[in-house]
Amino acid sequence: MTRLTALQRILTLGAMTAFAPMSIDMYLPGFTALQHDLRTTPEAVQRTLVVFFIGLALGQAFWGPVSDRYGRKRPLLMGIVLYVVGSLGCALATSIDALMAWRLLQALGGCAGIVIARSMVRDLYEPVDAARVFSRLTLVLGAAPILAPLAGAALVQTWSWRAIFLVLVAFGVACLLAALALPESLAPGARSSARQHPVRNALRTYGDLLRDRRFIGFALSGALGQSAMFAYIAGAPFALMQVYGLSPAQFGWVFGANALGLIAASQLNHALLARVASDALLRRALRSLTVWAVSMVVLIALGAGGLWGVVVPLFLALSSLGFSFPNATALALAHQSGRVGSAAALIGSIQFTLAAVSGTAVGLFSAHSALPMAGVFCAFAVLALLANQRLTPR
C-alpha cells in the first residue's frame, strides 16, 4: 500500500467518523433561528440534540455485531444511505416533532460510519499503530468542529437553518462515493460464524465485554470524557450567544478555536506515543481535563473573568480530550480480536448514552447561565478520572 493510498484511506475513515460532529456542530449556530422558525422553546431545540445522541447509542449497538458477522463494507454503505435520507427529512421538517424523528433516523444511519471506521482501524493496524491512526483520525475529525459551525453560521445568515441539512445531504452522498472505494477489511474467515440466535449471541458478546475490566475501564474513561464535551456542545449555543451575547458568527469562531486546540493536542499525542506509553498519556490527560473543568466552575460561580473566565479554561479542558480519546479507544480495543466490531459499537453506545444523559442534564436547567453547562461538564470530567483510577490496570 503506497503512502498516498494509506492517506486516502485515513481521510475516508476520518470522514466516516465525522458524521456525528458534522451533524451536531453545523446546526448549533442555527439553534435560535430554528427555535423561532418552528415556534418552539430552547429546551425543545436541545432535545433534538439529545434524540440524536440516543440514535447514535442505539444504532451502534446494532451495526457492531452486524459488521462482525457480514463484514464492514455492506453495513457501512447501508448506514450512509439511511443518513442521507434522514438528513433530507430534517431539511423538510415543518415541526419540532418531525425534526426529532428525522434526526433519530439520521443518527441511526450515521453511526454506522462511526463504529465501522473504528473497527476497520483495528482490523488493519496493531494496537500501538492504531493509537497513532486514531490520532490522525482525530485530525480529520477535528476539522469538522472548526469548519462546521462557521459554515452553519454562514448558511443561517445567508439562507436558513434548512440549508444546513441540505449540505449534510451532500456530505453524506460524498461519503457514500468514497466508501465505495474502500476495501473490505474483515476477511470471511475472521467473521463471526453465529447464524442462529443473532440477538442472543450479540447480547452474550456485550455481556462478556461488560465483564472485561480492562475493556470497560478504558471505555468508560474515554466515554465519560467525551460526555463532558457533549455537555459543552448542548449548553454552549445558548450560554455563549444568549448569556454572553455572541453572534452566530462569533460563536462559530469560539467553537472552531476550541476544536483547533483539540486537534493540536491529538497530533502532539501522536508524536508523544513514540516515547510515552498510551495509558500514561491517558492518565495525564484526564487529570488536566478535571483541573480545568473545576477551574471553569469556580470562575463562573464567582463571576470572575466574564466571557474569558469561561472560554479560556474551556479551551484548555477540551484540548485535554485530544489526548484522552485516541488513547482510551485504542487501549479498549487492544485485546478484542474476534469481536472488534461489537467492542467498538459498545464504546460508541456507552459514549452516546452518556452524552444523552449529559445533554439532558444541561437542558434541565435555565439557559440564562453558563453554570449548568460548566457544572455538568465538570461532573463528567471527574467521573472520567475516577473511572481511570479505579478500573483500569496499572
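The structure contained in this document is the topic of the report that follows.

What counts, and where the lines are drawn
Residues numbered from 1 in each chain as written. Predicted model: local features only at pLDDT ≥ 70, side-chain atom pairs only at ≥ 80, totals over all residues. Heavy atoms only, no water. Helix = DSSP H or I, 4+ residues; strand = E, 2+ residues; numbered from the N terminus. Contact = heavy atoms within 4.5 Å. Areas by Shrake-Rupley, 256 points an atom, 1.4 Å probe, with all protein chains shown as cover. Expected span 1.5 Å × (residues − 1). Buried < 20%, exposed > 50% of the residue type's maximum accessible area, 1.4 Å probe, protein only. Phe/Tyr/Trp six-rings, centres within 6.5 Å; stacked < 30°, edge-to-face > 60°. Lys NZ or Arg CZ within 6 Å of the ring centre and 35° of its normal. Axes fitted to C-alpha atoms, helices over the stretch in contact; angles between N-to-C directions. Parallel < 35°, antiparallel > 145°, perpendicular 65-115°, else oblique. Nonpolar A, V, L, I, M, F, W, Y, C, P; charged D, E, K, R; others polar. Salt bridge = Lys/Arg side-chain N within 4 Å of Asp/Glu carboxyl O. Left-handed = near helix turned anticlockwise from the far one by under 90°. Core = buried A, V, L, I, M, F, W, Y, C linked by side-chain atoms within 4.5 Å. Patch = residues over 30% accessible without salt bridge, like charges linked within 9 Å, V, L, I, M, F, W, Y side chains within 5 Å.

Next up on the list: the overall build of the protein. Regarding its fold elements, the protein presents 15 helices and zero strands. Across the protein, every contact between residues at least 6 apart in sequence was considered, and the portion connecting residues at least 24 apart equals 86%. For the protein, the accessible surface area stands at approximately 15,400 Å², while carbon and sulfur atoms represent 67% of it.

Before going further, it helps to examine helix H12 (residues 278–302). For H12, with 25 residues, the first-to-last C-alpha span of 37 Å sits near the 36 Å given by 1.5 Å per residue. Along H12, the residues classified as buried are Ser278, Ala280, Leu281, Leu282, Arg283, Ala285, Leu286, Leu289, Thr290, Ala293, Met296 and Ile300. Looking at the buried residues of H12, the elements they touch are helix H10 (213–243), helix H11 (248–272), helix H13 (308–333) and helix H15 (371–391). Trailing H12 by a residue or two, Gly303 shows a phi angle of about 70°, which is positive.

This brings us to the packing of aromatic side chains. In this structure the tally under the stated criterion is seven aromatic pairs. Judged by centre distance (5.0 Å) and plane angle (75°), the rings of Tyr27 and Phe31 are edge-to-face. Across this residue pair, the class does not change: Tyr27 and Phe31 are buried. Of the aromatic side chains, those joined through ring pairs into one cluster are Tyr27, Phe31, Trp161 and Phe165. Positioned above the aromatic ring of Tyr27 is the side chain of Arg103, whose terminal nitrogen or guanidinium carbon lies 4.2 Å from the ring centre.

Here H10 crosses H15 at 170°, and the two axes come no closer than 8 Å. Considering their axes alone, H10 and H15 lie roughly antiparallel with respect to each other. A breakdown of the residues in the contact of H10 with H15 according to their chemical character gives 16 nonpolar, six polar and two charged.

In this fold, Tyr27 is placed in the loop between helix H2 (19–25) and helix H3 (31–37). Taking relative accessible area as the criterion, Tyr27 reaches 2% and is therefore assigned buried. If sequence neighbours within four positions are ignored, Tyr27 has contacts with Leu34, Val45, Thr48, Leu49, Arg103, Ile164 and Phe165.

The full count for this structure, using the stated rule, is three salt bridges. Across the salt bridge formed by Asp208 and Arg211, the nearest N and O atoms sit 2.6 Å from each other. Placement of the pair is Asp208 and Arg211 together in helix H9 (residues 198–211), with a separation of three residues, close to one helical turn. Residue Arg211 is classed as exposed on the basis of its relative accessible area, which comes to 64%.

Keep in mind that most residues, glycine aside, have a negative phi and that most peptide bonds are trans. Look at Arg39: it is not a glycine, yet its phi comes out positive at around 55°. Mapped onto the secondary structure, Arg39 falls in the loop between H3 and helix H4 (42–70).

It is worth spelling out the packing of H10 against H11 at this point. Viewed as axis vectors pointing N to C, H10 and H11 meet at an angle of 155°, and their least axial separation amounts to 10 Å. Taken together, H10 and H11 sit at an angle that is classed as roughly antiparallel. For the pair H10 and H11, the crossing hand works out as right-handed. Here Met229, Tyr232, Ile233, Ala236, Pro237, Leu240 and Met241 of H10 come into contact with H11, specifically with Pro248, Phe251, Val254, Phe255, Asn258 and Leu262. A class-by-class count of the residues in the contact of H10 with H11 yields 12 nonpolar, one polar and no charged.

Right, let's get into the environment of Ser295. Tracing the chain through its elements places Ser295 in helix H12. A sequence separation of 18 residues divides Ser295 from Pro313, and the C-alpha atoms of the two residues are 6.7 Å apart.

Let's shift gears to the side chain of Asn258. By the element assignment, Asn258 lies in helix H11. Residues within four places of Asn258 in sequence aside, it is in contact with Tyr232, Val311, Leu314, Phe315 and Leu318.

This next bit is on the nonpolar core. Ile24, Leu99, Phe215, Tyr232, Ile233, Phe352 and Phe377 are the most contacted members of the largest nonpolar core, which has 118 residues in total. Sorting elements by how many residues they give to this core places H10 first, with 18 residues. For Phe215, the residues in contact, after removing those within four places along its chain, are Leu209, Ala332, Gln336, Ala343, Leu346 and Ile347.

Below, the discussion takes up the environment of Leu318. With respect to the helices and strands, the residue Leu318 is situated in helix H13. The buried category is assigned to Leu318, whose relative accessible area is 2%. Sequence separation of Leu318 and Tyr232 is 86 residues, and the distance between their C-alpha atoms is 9.3 Å. When sequence neighbours within four positions are dropped, the list of residues in contact with Leu318 reads Met229, Tyr232, Asn258, Leu262 and Phe377.

Here we take up a nonpolar patch on the surface. A contiguous nonpolar surface patch, about 480 Å² in accessible area, is contributed by Val294, Val298, Leu302, Val382, Leu383 and Leu386. If you list the elements that add at least two residues to the nonpolar patch, you get H12 and H15. Secondary-structure assignment places Leu302 in helix H12. The exposure class of Leu302 is exposed, given its relative accessible area of 66%.

Without other data, these values stay purely geometric and don't point to any function.
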